[in-house]
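# Overview (structure and organization)
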Amino acid sequence: MNDTLEAAPIYSRLAEDLVTLINTGQLRPGERLPSVRTLSQQRKVSATTAVAALRALEMRGLVEARPQSGYFVRASASAAPMPAMTRLSTQARRVGIDTVMVRMIEASGDPGIAPLGAATADPACFPAKRLQRSISSTLRRRPRLLVEYALFAAGTDALRHQIARRYAELGCAVREDEIIVTNGCMEALNLALQTLTKPGDTIAIESPCYYGLLQVIQSLGLKALEIATHPGDGLSVDALEEALQRRDKDPIKACLVSANFSNPMGATMPDAQKRRLVELCERHDIPLIEDDIYGDLQHSGSRPRPARAFDKHHSVLLCSSFSKTLAPGARIGWICAGRRAEEIRMRKFATSIATPALLQDTLADILAAGGYERHLLKLRRAFATQVAQVSAAVCAHFPAGTRITRPRGGLLIWVELPRGIDTLALYDQALAEGVNFAPGPLFSPSGRYRNFLRLNCGRTMTPAIDHALMKLGKLMQRAL
Ligand SMILES: Cc1ncc(COP(=O)(O)O)c(C=O)c1O
């Protein structure tokens, strides 16, 4: 499991904790930081370590030393304001494939390019050895797994049991027999949309929305209606309600939402809004498809409940996977299909017959052994630190007027730049300089968000990443 943070020098861990306090607004611009003495007493570190942490923050331009007075948070280090709520037209759009997306994903595999594009974590964050051991022991126990045909299987009992158990712990009732194991969350979303819609139908989505989902919508010949979304609180249920009432001629056939730590904004809907959303969709008899792929990745506190937890009628189709949390290469996802389980099971058979049982039981084995929670604790801490670090670097290097989201989970930040900066126009120059990111228009079927971008914070912060963000900031300054 990842021990990058544990291996960092003590002063650097202390510095990162202070960065978090600055980014979350607990230490505001102009405020004095705790003195060297207080820090060393509170954190049980030497005065030299405390001084080293404060100097590291000073070097990064986050704090300034004032003679005889101590260290103070610099005005420019304050967490930038959040982007505004989205404002949208009422037109549903056909979605166009964007070649920039393909280039962005390809560049994400290039070790010479700073990995701020695709939403991927450091491979070192995942328990490779544990997965290897578990694969071997699963095959030893069930030597026929690779030579038997898993015909018409909704998934292995062991994995479906573990998935249902985890939801039960959250107060979200999911029956084992409604779970269909899929090839990643993407297949789950595909199956849901294929089952619930036909070409030409209109689907309500958050705006901005994950580009992969826009690809699914496009490939199925659907139209996307962008619904206003708040950078902190997620999808606006008021805006959805208005759209539902307005659209007699071209009715909304399904609603797709990522209620926890959405991509790209990192927004989380308050429980009351999740409940309202579920009730609204029920009232209008519109299926709600929920993508909860980031739900396990809160930075602190307890895991937010999926919208499905507020669904009394088993009508929400809850999709997720282990791609962001345990084994990105395994491509194991699932859909809790409620009343639609039988239809989705047929559709899964028609699409890919089954998902490899070896990998399913390998992951079930890890979940049953209890090591998963420990692993998640570390992963959440790593993402919290990295989001704070990238946010601080954005504050330090990007032009004045930049706004950033403050996600409470996940590994992404969404950045609004001053008008006049076009992130699509900037993209080629950035790649040429060895910096990847996801330009804003990838997240909208109508090509909006030209002065926005998404940054991946899944990688351990290094001087090279800080330097890449500095280069990006300079390109932006030149574009203004
Ligand atoms: C919101 C969201 N849904 C689905 C996916 C795809 O998940 P998977 O790789 O498990 O298919 C991603 C991947 O980035 C995502 O961000």
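These remarks concern the structure in this document. (Residues numbered from 1 in each chain as written. Predicted model: local features only at pLDDT ≥ 70, side-chain atom pairs only at ≥ 80, totals over all residues. Heavy atoms only, no water.)

Ranked by size, the top nonpolar core spans 87 residues in total, and within it Tyr167, Leu193, Leu240, Leu277, Ile289, Phe322 and Ile335 carry the most contacts. Looking at which element gives the most residues to this core, the answer is helix α8 (residues 184-196), with 7 residues. Leaving out residues up to four positions away in the same chain, Leu277 has contacts with Leu235, Val237, Leu240, Val257, Met269 and Leu288. Residues Met265, Ala393, Leu455 and Ala468 belong to the second largest nonpolar core, which totals 45 residues. (Core = buried A, V, L, I, M, F, W, Y, C linked by side-chain atoms within 4.5 Å. Buried < 20%, exposed > 50% of the residue type's maximum accessible area, 1.4 Å probe, protein only. Helix = DSSP H or I, 4+ residues; strand = E, 2+ residues; numbered from the N terminus. Contact = heavy atoms within 4.5 Å.)

As a further point, take the side chain of Thr423. For Thr423, the location among the structural elements is in helix α15 (residues 423-432). Within polar-contact distance, the side chain of Thr423 engages the backbone nitrogen of Gly440 at 3.3 Å. A distance of 2.8 Å separates the side chain of Thr423 from the backbone oxygen of Phe452, its partner in a polar contact. Not counting residues within four places of it along the chain, the set of residues in contact with Thr423 comprises Leu417, Phe437, Pro439, Gly440, Pro441, Tyr449, Arg450, Asn451, Phe452 and Leu453. (Polar contact = N/O pair within 3.5 Å; in protein donor to acceptor, adjacent residues only side chain to side chain.)

This part takes up the environment of Ala337. Tracing the sequence through the fold places Ala337 in the loop between β11 (332-336) and α12 (341-352). Ala337 sits in the buried class, given a relative accessible area of 1%. Note: C-alpha distance between Ala337 and Ser315 (22 residues apart in sequence) is 7.7 Å. Aside from chain neighbours lying at most four places away, what touches Ala337 is Glu178, Ile180, Leu317 and Ile344.

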